[in-house]
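The residues making up each chain are set out below.
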Amino acid sequence: SAVDHTPKPSGSAVGFKQRLHHPFETPFVSDPAELGASRYRVWLASQPLFHAWVASQLQGRTLVGGTEKKKRAKDAAHVRRLMQGW
């Protein structure tokens, strides 16, 4: 599976992405890479049903980030944090 990113931003209000195009995508677009990834993990944990679904999708799989150069650091941090514990 890959973290999918759309070519155009879908807009943000106060640094929070309004529309996600992929269930593993972080909504915290204005944060530095590690902080945004950590905030997503906490946000995910606060939603038990969605968290369980994401966990079931990631268990035993490899998640990779996108290839767009300007997003590589954020994708790598997001993948590292999201895959911790699964």
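Provided above is the structure to which this section pertains.
Description of the structure in this document.

Moving on: the side chain of Asp 31. Tracing the backbone shows Asp 31 in the loop between strand 2 (16-17) and helix 1 (33-45). Taking the relative accessible area as the measure of exposure, Asp 31 reaches 13% and is therefore buried. Contact partners of Asp 31, with chain neighbours within four places excluded, come to Gly 36, Arg 39 and Lys 74.

The next subject is the packing of aromatic side chains. Inspection of the entire model under this criterion finds three aromatic pairs. With centroids separated by 6.3 Å and ring planes inclined at 70°, the aromatic side chains of Trp 43 and Phe 50 adopt a geometry described as edge-to-face. Overall, the relative accessible area of 27% leaves Phe 50 in the partly exposed class. Taking the centre distance of 6.1 Å and the plane angle of 15° together, the rings of Phe 50 and Trp 53 count as stacked.

Here the focus is the nonpolar core. Core analysis: the biggest nonpolar cluster contains 10 residues, these being Phe 24, Phe 28, Tyr 40, Leu 44, Val 54, Leu 58, Leu 63, Val 79, Leu 82 and Met 83. Secondary structure elements with two or more residues in this core: helix 1, helix 2 (48-58) and helix 3 (72-83). The residues contacting Met 83, other than those within four sequence positions of it, are Arg 41, Leu 58, Arg 61 and Leu 63.

Below, the discussion takes up helix 3. Here helix 3 is 12 residues long and its end C-alpha atoms lie 16 Å apart, about the 16 Å a rise of 1.5 Å per residue gives. If you check which residues of helix 3 are buried, you get Asp 75, Ala 77, His 78, Val 79, Leu 82 and Met 83. Structurally, helix 3 contributes buried residues whose contacts are with helix 1 and helix 2.

A few words on the packing of helix 1 against helix 2. Put simply, helix 1 and helix 2 touch, their axes get as near as 7 Å, and they point 115° apart. Contacts from Tyr 40, Trp 43, Leu 44 and Ala 45 of helix 1 reach helix 2 at Pro 48, Phe 50, His 51 and Val 54. For the contact of helix 1 with helix 2, the residue count by class is seven nonpolar, one polar and no charged.

Parameters at a glance
- Residues numbered from 1 in each chain as written.
- Predicted model: local features only at pLDDT ≥ 70, side-chain atom pairs only at ≥ 80, totals over all residues.
- Heavy atoms only, no water.
- Helix = DSSP H or I, 4+ residues; strand = E, 2+ residues; numbered from the N terminus.
- Buried < 20%, exposed > 50% of the residue type's maximum accessible area, 1.4 Å probe, protein only.
- Contact = heavy atoms within 4.5 Å.
- Phe/Tyr/Trp six-rings, centres within 6.5 Å; stacked < 30°, edge-to-face > 60°.
- Core = buried A, V, L, I, M, F, W, Y, C linked by side-chain atoms within 4.5 Å.
- Expected span 1.5 Å × (residues − 1).
- Axes fitted to C-alpha atoms, helices over the stretch in contact; angles between N-to-C directions.
- Nonpolar A, V, L, I, M, F, W, Y, C, P; charged D, E, K, R; others polar.

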